Amino acid sequence: MSIPAFDLTRQYASFREEIDAAVSRVIESGRFILGEEVEALEEEIAAFCGAERAVAVASGTDALHLALRAVGVGPGDEVLVPAFTFVATAEVVAYCGAAPVFVDIDPETFSIDPDAASAAVTSRTKAVIPVHMFGHPAEMEELTALSKHHGLALVEDAAQAFGARYGGKVVGSFSDAGCFSFFPTKNLGAFGDGGMVVTDDGDLAERVRQLRVHGASKRYHHQMVGYNSRLDALQAAILRAKLPHLEAWNAARRAHAATYTAGLEKLPALVCPRELEGSQHVYHQYTIRTEGRDGLRDSLAEAGIGSAVYYPIPLPAQEAFGGEDYRIGGFPESERACQEVLSLPMFPELKEDEVAQVIEKIKEWSKESG
Ligand SMILES: *Cc1c(COP(=O)(O)O)cnc(C)c1O
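This section reports on the structure supplied with the text. (Residues numbered from 1 in each chain as written. Predicted model: local features only at pLDDT ≥ 70, side-chain atom pairs only at ≥ 80, totals over all residues. Heavy atoms only, no water.)

1. Notes on the overall build of the protein
Heads up, the rule is: In this description a helix means any DSSP run of H or I spanning at least four residues, a strand means any run of E spanning at least two, and both kinds are numbered starting from the N terminus. For a compact globule the rule gives 2.2 Å times the number of residues to the power 0.38, and the radius of gyration it is set against comes from C-alpha atoms. Any two residues whose heavy atoms approach within 4.5 Å are treated as being in contact. Residues scored as positive are Lys and Arg, those scored as negative are Asp and Glu, and His as well as the terminal groups of each chain are ignored. To locate a charge, take NZ of a lysine, CZ of an arginine, CG of an aspartate or CD of a glutamate.
Each helix and strand counted, the protein has 13 helices and 14 strands in total. Here the protein has a C-alpha radius of gyration of 21 Å; the compact-globule value for 370 residues is 21 Å, and the two agree. With respect to the principal axes defined by its C-alpha atoms, the protein has extents near 70 × 55 × 35 Å. A fraction of 70% describes how many contacts in the protein between residues 6 or more apart in sequence connect residues 24 or more apart. Computed over 33 positive and 54 negative side-chain charges, the inter-centroid distance for the protein is 3 Å.

Here is the structure:
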């Protein structure tokens, strides 16, 4: 038996013709960077998100970076980011010459704790980046109020949450700029890197457009120093073929999650992910917590079951962010999450009997570890 943490080949096999047709269309067009395919994808994603504009870029990291530049983050500014997230959320702040200020998380959603964020605001704070961690929305009502109260820009890191909803509205559409990643394993994944900024602010969208093509609003007329951060047409065409399936794939993830929870929630010493009222989780990851995490991970590996620890070290404890001076206890909920989290196999094409086998194995482990 072997059950992978994720498997991208099953999805391709399920709609190979659509993908192959999209790829051929681009190759025959002879247009490979930006162009009509990318513009069409931007329109379709803006419509999906209920946003006025969408601007495609080369990765999710670039989406965050260019969005921060476009809201005016620069040297001397502070930006609030969760201590428990993928490194890109904080890296992009440093790219702008600003300082990431780490904030602890809410243990239930794994997203930035709005009260802790409020306590971290200073006169230099320019923006806050909530992350919709593992596909569960951050607490956008409190965070929107916080950003309004202090006059902060709000930039959503929705890399893990394409299609998640909060109060019925798709995440990425709650802030100045919502940022998505199309990294292959994300809920909407390309066959390479890609990203998107969605916004209702036409000026902000224009600034991102300019930044992604070397700071030019017209070819060879450069108003600012920008970047090369363009999405290519092949990725756009593949994403356009996938987008109509996204809701069904997210529904499949939710169904697997419900099966996992029904099978595991009664086990002692193990906590299943929860969906807060008014939120719709899209389970980019199905992440349980247990103090016996490392032992469980080993047992699963022995049985041929993939799992992963996202993430083992809080960002402020990473060397890149001055981690040598990190004092244990600085971000207790983030530290505890790093010790306890384990993400189980999760992708739409996972089979019911595979989910059942993972549950059985965890039950065995639970009995043995008493
Ligand atoms: C994947 C991810 C990113 C970065 O996206 P890339 O497309 O890999 O650059 C940023 N933030 C979070 C939370 C992510 O999971």
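After that view, the rundown keeps rolling.
2. Comments concerning the nonpolar core
Inclusion rule: Throughout this description, the term nonpolar core refers to a set of buried Ala, Val, Leu, Ile, Met, Phe, Trp, Tyr and Cys residues connected via side-chain atoms within 4.5 Å. Partly exposed describes any residue whose relative accessible area lies between the buried limit of under 20% and the exposed limit of over 50%, with all areas from a 1.4 Å probe on protein chains only and scaled to the type maximum.
Counting residues in hydrophobic clusters, the biggest one holds 44 residues, and the most contacted among them are Ile 45, Phe 162, Phe 182 and Met 196. Mapped by element, the contributors of at least two residues to this core are α3 (36–49), β1 (53–57), β3 (99–103), α7 (140–150), β9 (195–199) and α9 (233–242). Setting aside residues no more than four positions away along its own chain, Ile 45 makes contact with Phe 162, Phe 182, Leu 188, Met 196, Val 198 and Leu 243. Listed in part, the 35 residues of the second largest apolar core include Leu 267, Ala 303, Ile 305 and Cys 338.

3. Points about unusual backbone geometry
Residues Tyr 310 and Tyr 311 are joined by a peptide bond in cis, for which omega reads 5°. By secondary structure assignment, the location of Tyr 311 is in the loop between α11 (293–302) and α12 (332–340). Even without a glycine there, the phi angle at Phe 134 is positive, about 65°. Structurally, Phe 134 can be placed in the loop between β4 (125–128) and α7. You will see that Ala 269, though not glycine, has its phi angle at about 65°, which is positive. Mapping Ala 269 onto the fold places it in the loop between α10 (246–264) and β12 (279–280).

4. Structural notes on the packing of helix α4 (residues 60–70) against helix α8 (residues 202–212)
Quick reminder of the rule: Here an axis means a line fitted to C-alpha atoms, over the contact stretch when the element is a helix, while the angle between two N-to-C directions is reported on a 0 to 180 degree scale. Oblique is the label for every angle not falling under 35 degrees (roughly parallel), over 145 degrees (roughly antiparallel), or within 65 to 115 degrees (roughly perpendicular). Take the far helix as your reference; a near helix turned counterclockwise from it by less than a right angle gives a left-handed crossing, and one turned clockwise gives a right-handed crossing. Charged means Asp, Glu, Lys or Arg here, nonpolar means Ala, Val, Leu, Ile, Met, Phe, Trp, Tyr, Cys or Pro, and polar covers whatever is left, Gly included.
Relative orientation of the contacting elements α4 and α8 amounts to 125°, with a least axis distance of 9 Å. On the basis of their axis angle, the class for α4 and α8 is oblique. α8 is crossed by α4, and the crossing has right-handed handedness. Across the interface between the two elements, Leu 66, Ala 67, Arg 69 and Ala 70 of α4 pack against Leu 204, Arg 207, Val 208, Leu 211 and Arg 212 of α8. Of the residues belonging to the contact of α4 with α8, the class tally is six nonpolar, no polar and three charged.

5. Quick notes on the site of the ligand
Defined as follows: In this text, near means that some heavy atom of the residue lies within 4 Å of the molecule or strand in question. A 3.5 Å cut-off defines polar contacts: any pair of N or O atoms within that distance qualifies, except that in protein one atom must be a possible hydrogen donor and the other a possible acceptor, and neighbouring residues in sequence count only when both atoms are side-chain atoms.
With respect to spatial proximity, 15 residues lie near the ligand, and among them Gly 60, Thr 61, Asp 157, Ser 181 and Lys 186 are the closest. Note that an oxygen atom of the ligand is positioned 2.5 Å from one of the side-chain N or O atoms of Thr 61. Taken together, the elements giving at least two residues each to the shell around the ligand come down to α4 and α5 (88–95). The dominant element in the shell around the ligand, judged by the number of residues it contributes, is α4, at three residues.

6. Focus: the pattern of salt bridges
Here is the rule we go by: What counts as a salt bridge is simple: a side-chain nitrogen of Lys or Arg found within 4 Å of a carboxyl oxygen of Asp or Glu.
Following the criterion strictly, the structure yields 17 salt bridges and no others. For Arg 10, the salt bridge is made with Glu 354, and the minimal N-O distance between the two is 2.9 Å. Taken as a pair, Arg 10 in helix α1 (residues 9–14) and Glu 354 in helix α13 (residues 352–368) lie far apart in primary sequence, 344 residues in all. A relative accessible area of 18% places Arg 10 in the buried class. Classification of Glu 354 as buried rests on a relative accessible area of 8%. With a shortest N-O distance of 2.5 Å, Glu 275 and Arg 254 are connected by a salt bridge.

7. Focus: α3
Operational definition: In this scheme, a helix's expected span is set at 1.5 Å multiplied by one less than its residue total.
Between the first and last C-alpha of α3 there are 20 Å, a value that for 14 residues agrees with the 20 Å anticipated at 1.5 Å per step. All of the buried residues along α3 are Glu 37, Val 38, Ala 40, Leu 41, Glu 42, Ile 45, Ala 46, Phe 48 and Cys 49.

8. Here's the deal with the sheet that holds strand β8 (residues 177–181)
Heads up, the condition is: Two strands pair under a simple rule: DSSP has to find at least two bridges between them.
The seven strands are arranged β1-β9-β8-β5-β4-β2-β3 in an open sheet whose pairing can be described as mixed. Bordering the open sheet on either side are β1 and β3, each of which pairs with just one other strand. Taking each pair of neighbouring strands and ignoring which way they run, the sheet shows an average axis angle of 25°. Where β8 lies against β9, four bridges are found, and the strand directions are antiparallel. Following the sheet pairing, Gly 178 is matched in β9 by Val 198.

9. Re the packing of α11 against α13
It is at 10 Å that the axes of α11 and α13 come closest, and there the two elements cross at 130°. By the angle between their directions, the pair α11 and α13 is classed as oblique. By crossing handedness, the relation of α11 to α13 is classed as right-handed. Counted together, Gly 295, Leu 296, Ser 299 and Leu 300 of α11 and Lys 361, Ile 362 and Trp 365 of α13 form the full contact between these two elements. A per-class count over the contact of α11 with α13 returns four nonpolar, two polar and one charged.

10. What about a negative patch on the surface?
Short version of the rule: Residues enter patches when their relative accessible area tops 30% and they take part in no salt bridge; the joining distance is 9 Å for like charges and 5 Å for the nonpolar side chains Val, Leu, Ile, Met, Phe, Trp and Tyr. Each accessible area is a Shrake-Rupley estimate made with a 1.4 Å probe; only the visible protein chains count as cover when residues are assessed.
A cluster of acidic residues, Glu 52, Asp 176, Asp 200, Asp 201 and Asp 203, forms a negative patch at the surface. Along the chain, Asp 203 falls in helix α8. Judged by relative accessible area, Asp 203 falls into the exposed class, the value being 56%.

11. Re the sheet that holds β12
Judged by pairing direction, the sheet is antiparallel, and its three strands sit side by side in the order β7-β6-β12 without closing on themselves. Here the strands that pair on one side only, and so sit at the sheet edges, are β7 (169–170) and β12. Pairing of strand β6 (residues 165–166) with β12, which is carried by two bridges, proceeds in the antiparallel orientation. What sits directly across from Arg 165, in β12, is Gln 280.

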